[in-house]
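Examining the three-dimensional arrangement
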Amino acid sequence: MTAKQFNSFIRLVLDVILEVIEKMQDGKEKEKLKRLADNLQKAIEN
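Residues numbered from 1 in each chain as written. Predicted model: local features only at pLDDT ≥ 70, side-chain atom pairs only at ≥ 80, totals over all residues. Heavy atoms only, no water.

1. Looking at the pattern of salt bridges
Side chains that carry opposite charge are capable of pairing whenever their charged atoms lie near each other. Applying the stated criterion across every chain, the model contains two salt bridges. The salt bridge involving lysine 30 is made with aspartate 26; its shortest N-O contact spans 3.3 Å. Given a relative accessible area of 11%, lysine 30 falls into the buried group. The shortest N-O distance in the salt bridge between lysine 34 and glutamate 31 comes to 3.9 Å. Here glutamate 31 and lysine 34 lie together in helix 2 (residues 28–45), a separation of three residues that amounts to about one turn. Taking the relative accessible area as the measure of exposure, lysine 34 reaches 32% and is therefore partly exposed. (Salt bridge = Lys/Arg side-chain N within 4 Å of Asp/Glu carboxyl O. Buried < 20%, exposed > 50% of the residue type's maximum accessible area, 1.4 Å probe, protein only. Helix = DSSP H or I, 4+ residues; strand = E, 2+ residues; numbered from the N terminus.)

Structure below.
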C-alpha cells in the first residue's frame, strides 16, 4: 500500500468516526473517539 492509499484509507475511517461522534451523546466514549479522530487527522497532516 502506498502512502497515498494509506492516507485515503485514514480519511475514510476518519469520516465515519466524525459522523458517529456527531450522533453520540456526551460521555467518556465520545471523548475517546474525539481523541482518536484527532490522532488520525494528525497522521494525515504529517
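2. Quick look at the environment of asparagine 39
The topology assignment puts asparagine 39 in helix 2. A C-alpha to C-alpha distance of 14 Å links asparagine 39 and phenylalanine 9, two positions 30 residues apart in sequence.

3. Things to note about the packing of helix 1 (residues 3–23) against helix 2
Geometry of a packed helix pair, given as the angle between the helix axes and the separation of the axes. Two elements in contact, helix 1 and helix 2, have axes separated by 10 Å at closest approach and are oriented at 155°. Here helix 1 lies roughly antiparallel to helix 2, going by the angle between them. Between helix 1 and helix 2 the crossing geometry is left-handed. On the side of helix 1, the interface is formed by Asn7, Ile10, Arg11, Val13, Leu14, Ile17, Leu18, Val20 and Ile21, while helix 2 contributes Lys30, Leu33, Lys34, Leu36, Ala37, Leu40, Gln41, Ala43 and Ile44. (Axes fitted to C-alpha atoms, helices over the stretch in contact; angles between N-to-C directions. Parallel < 35°, antiparallel > 145°, perpendicular 65-115°, else oblique. Left-handed = near helix turned anticlockwise from the far one by under 90°. Contact = heavy atoms within 4.5 Å.)

4. Brief notes about a nonpolar patch on the surface
Together, Met1, Phe6, Phe9 and Leu12 give the surface a local cluster of nonpolar side chains, amounting to about 480 Å² of exposed area. Examined against the element boundaries, leucine 12 turns out to sit in helix 1. (Patch = residues over 30% accessible without salt bridge, like charges linked within 9 Å, V, L, I, M, F, W, Y side chains within 5 Å. Areas by Shrake-Rupley, 256 points an atom, 1.4 Å probe, with all protein chains shown as cover.)

Keep in mind these numbers describe shape, not what the thing actually does.
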